[in-house]
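Structure assessment
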Amino acid sequence: MDKDPEEHWRDLSEHILTEMKEWRQSHPQATFREIEDAVHSRMSRLEAQLIQDTAQQSKKRAWSGASAQDRPTCPVCHTPLQGRGKRQRRLQGAGGQEVLLTREYGTCPTCGTGLFPPG
Ligand SMILES: [Zn+2]
């Protein structure tokens, strides 16, 4: 486990607050809509980071060493998947933010389907 994500979140939040303050000073005539957009685009960065780090902390990710009945199964033929190591998975958050997760990737020894098991 590297740096405590909480520390990172705090840094990012402070950075966003400072940025917002500066933005407000350089946009004294901003309309409500412009302010809303400025806040939203910054908050979604924090949101993406929170989602990414929180999802990443989940413990049940490592399954490749597990015995066959504990491994996720192929959605096509239900054979236990074979772990292929960790790969980066790009996800789109509900708010449009892009989140990057490190996930175990698996392939099916029977039909060759490859996927990131859900969870
Ligand atoms: Zn299969």
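Before going into details, it helps to say that this report is about the structure given with it. Keep in mind it's a predicted model, so treat the numbers as computed, not measured.

**So, the overall build of the chain**
The number of helices and strands found in the chain is two helices and three strands. What you see for the chain is a C-alpha radius of gyration of 20 Å, clearly larger than the 14 Å of a compact globule of 119 residues, by over 25%. Each principal axis of the C-alpha distribution contributes one length, and for the chain these read about 65 × 30 × 15 Å. Within the chain, buried positions represent 27% of all 119 residues. Put simply, of all contacts in the chain between residues at least 6 apart along the chain, 49% involve residues at least 24 apart. Total accessible area computed for the chain in this model is approximately 8,200 Å², and 52% of it derives from carbon and sulfur atoms. Counting 17 positive and 16 negative side-chain charges, the chain places the centres of these two groups 8 Å from one another.

**So, the packing of helix α1 (residues 5–26) against helix α2 (residues 32–57)**
Axis angle and axis distance: for two packed helices, these are the angle between their axes and the distance between the axes, and together they describe the pair. Viewed as axis vectors pointing N to C, α1 and α2 meet at an angle of 175°, and their least axial separation amounts to 11 Å. By the criterion of interaxial angle, the relationship of α1 to α2 is roughly antiparallel. Across the contact of α1 with α2, the residue classes tally to 12 nonpolar, six polar and six charged.

**Notes on the side chain of Gln97**
Take Gln97: it is sitting in the loop between β1 (82–92) and β2 (98–107). Judged by its relative accessible area of 5%, Gln97 is buried. Side chain to side chain, Gln97 and Glu47 meet in a polar contact 2.4 Å long. Excluding residues that lie within four positions of it along the chain, Gln97 makes contacts with Ser44, Glu47, Ala48, Ile51, Leu91 and Gln92.

**Focus: the pattern of salt bridges**
Using the criterion set out here, one finds five salt bridges in the structure. The shortest N-O distance in the salt bridge between Arg10 and Glu6 comes to 3.2 Å. Of the two residues, Arg10 and Glu6 are both situated in helix α1; the distance of four residues between them amounts to about one turn of the helix. Close ionic contact of Arg33 with Glu36 constitutes a salt bridge, the shortest N to O distance being 2.8 Å. Linking Arg33 with Glu36, this pair stays in helix α2, spanning three residues, or about one helical turn.

Thresholds, definitions, all that
- Residues numbered from 1 in each chain as written.
- Predicted model: local features only at pLDDT ≥ 70, side-chain atom pairs only at ≥ 80, totals over all residues.
- Heavy atoms only, no water.
- Helix = DSSP H or I, 4+ residues; strand = E, 2+ residues; numbered from the N terminus.
- Rg over C-alpha atoms; globule rule 2.2 N^0.38 Å.
- Buried < 20%, exposed > 50% of the residue type's maximum accessible area, 1.4 Å probe, protein only.
- Contact = heavy atoms within 4.5 Å.
- Areas by Shrake-Rupley, 256 points an atom, 1.4 Å probe, with all protein chains shown as cover.
- Lys, Arg positive; Asp, Glu negative; His and termini not counted.
- Charge placed at Lys NZ, Arg CZ, Asp CG, Glu CD.
- Axes fitted to C-alpha atoms, helices over the stretch in contact; angles between N-to-C directions.
- Parallel < 35°, antiparallel > 145°, perpendicular 65-115°, else oblique.
- Nonpolar A, V, L, I, M, F, W, Y, C, P; charged D, E, K, R; others polar.
- Polar contact = N/O pair within 3.5 Å; in protein donor to acceptor, adjacent residues only side chain to side chain.
- Salt bridge = Lys/Arg side-chain N within 4 Å of Asp/Glu carboxyl O.

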